[in-house]
Amino acid sequence: MRFEIKQLQEETGITIIYVTHDQDIALVISDRIAVMDNSGRIRQVDQPENLYTDPVDSYVYRFLGLSNFIPCEKSDGKVYVKNDAESIPFPYPPPAGLKSKVVYSAFRPADVKLSEDGELKGRVTRVIFLGDIYEYRVQLGPCEIRVQQDSFTARQEGIFKEGDICALNIRNLRYYDDVEGVSF
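To keep things clear, this report deals only with the structure shown in the data block. Computed from a prediction, not measured in an experiment: that's the story for all the values here.

The next point concerns the state of the cysteines. Taken as a whole and assessed by the stated rule, the structure comprises 0 disulfides. Cys 72 carries a free sulfur, and the closest cysteine sulfur to it, the one in Cys 143, is 7.8 Å from it. For Cys 72, a relative accessible area of 0% corresponds to the buried category. Free cysteine: Cys 166, not disulfide-bonded; nearest cysteine sulfur from Cys 143 at 14 Å. For Cys 166, a relative accessible area of 1% puts it in the buried group.

See below:
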């Protein structure tokens, strides 16, 4: 029905208000989306692509799509994965505007490239073949993160196995001062 609703709107030019919890449908049929939290407060109104790529806060980021959040600590202009056992340098500096000592790095599973070389190392704890993608679970300090690679790329660059040490190269990383609704 999502294509029929979009086509009906385009043909008639009428405004359609569609209420859904299905983010995929909302992204497909909408030219503007309002994200509301559990208390009914509107968190952001924007075009679908802007909501996904430039969410105003951690709630919107987590609400639209799979996400990873890693608690980090800032110290002397550097960032470290928050971990009681050891200090793990996180090679992605936060923007100057973050005031808190504890910050949260956020990124999508598809925004991580696994390789053998890189500064940030983790251990593969699970490999899941899903046909067109491989999903990895990677332990980084106290956090288990999700990584998704398309199957073609994974076969070309090498498929990691459970127990392998790998480097995580992250793009499109965001930082937040606080995180709502995420447990660590």
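For the rest of this paragraph, the subject is the sheet that holds strand β3 (residues 68-75). With antiparallel pairing, the 5 strands of this open sheet are ordered in space as β5-β4-β3-β6-β12. Of all the strands in the sheet, just β5 (88-90) and β12 (174-176) have a single pairing partner and so form its edges. Adjacent strand axes in the sheet meet at a mean angle of 45°, parallel and antiparallel pairs treated alike.

Time to look at the side chain of Asp 37. If you trace the backbone, Asp 37 turns up in the loop between β1 (33-36) and β2 (42-46). A relative accessible area of 11% places Asp 37 in the buried class. A distance of 2.8 Å separates a polar atom in the side chain of Asp 37 from a polar atom in the side chain of Ser 39. Residue contacts for Asp 37: discarding those within four places in its chain leaves Arg 43 and Tyr 59.

Think of a sheet as strands paired side by side through backbone hydrogen bonds, with each pair either parallel or antiparallel. Strand order across the open sheet formed by 5 strands is β7-β11-β8-β9-β10, with antiparallel pairing between neighbours. The open sheet has two edge strands, β7 (112-115) and β10 (143-150), and neither has a second partner. The mean inter-strand angle of the sheet, taken between neighbouring strand axes irrespective of direction, is 45°. By the bridge criterion, 6 bridges tie strand β8 (residues 121-129) to strand β9 (residues 133-140) in an arrangement that is antiparallel. Bridge pairing in β9 places Val 127 opposite Tyr 136.

A separate point is the pairing of β1. Residues Ile 33 and Val 35 point to one face of β1 and are all buried, whereas Ala 34 and Met 36, pointing to the other face, are not buried. Sheet analysis places β1 next to β2, joined by 4 bridges and oriented antiparallel. Bridge pairing links Ile 33 to Asp 46 in β2. Counted along the chain from β1 to the antiparallel partner β2, the turn is 5 residues long, and its residue Gly 40 has a positive phi close to 90°.

Together, Leu 8, Ile 14, Ile 16 and Tyr 18 make up an exposed nonpolar region whose accessible area comes to about 340 Å². Secondary-structure assignment places Tyr 18 in the loop between α1 (2-12) and α2 (23-29).

All right, on to the nonpolar core then. Across soluble globular proteins, nonpolar side chains show a tendency to be buried alongside one another. Of all hydrophobic cores here, the largest spans 33 residues; its most connected members are Ile 70, Phe 90, Leu 114, Tyr 136 and Val 138. Discounting chain neighbours no more than four positions away, the residues touching Phe 90 are Ile 70, Cys 72, Val 79, Tyr 80, Val 81, Ser 105, Leu 120, Leu 140, Ile 170, Leu 173 and Tyr 175. Core analysis: the next-biggest nonpolar cluster, separate from the first, contains 7 residues, Ala 26, Ile 33, Val 35 and Tyr 59 among them.

What counts and what doesn't
- Residues numbered from 1 in each chain as written.
- Predicted model: local features only at pLDDT ≥ 70, side-chain atom pairs only at ≥ 80, totals over all residues.
- Heavy atoms only, no water.
- Disulfide = S-S within 2.5 Å.
- Buried < 20%, exposed > 50% of the residue type's maximum accessible area, 1.4 Å probe, protein only.
- Pairing = 2+ DSSP bridges.
- Helix = DSSP H or I, 4+ residues; strand = E, 2+ residues; numbered from the N terminus.
- Axes fitted to C-alpha atoms, helices over the stretch in contact; angles between N-to-C directions.
- Polar contact = N/O pair within 3.5 Å; in protein donor to acceptor, adjacent residues only side chain to side chain.
- Contact = heavy atoms within 4.5 Å.
- Patch = residues over 30% accessible without salt bridge, like charges linked within 9 Å, V, L, I, M, F, W, Y side chains within 5 Å.
- Areas by Shrake-Rupley, 256 points an atom, 1.4 Å probe, with all protein chains shown as cover.
- Salt bridge = Lys/Arg side-chain N within 4 Å of Asp/Glu carboxyl O.
- Core = buried A, V, L, I, M, F, W, Y, C linked by side-chain atoms within 4.5 Å.

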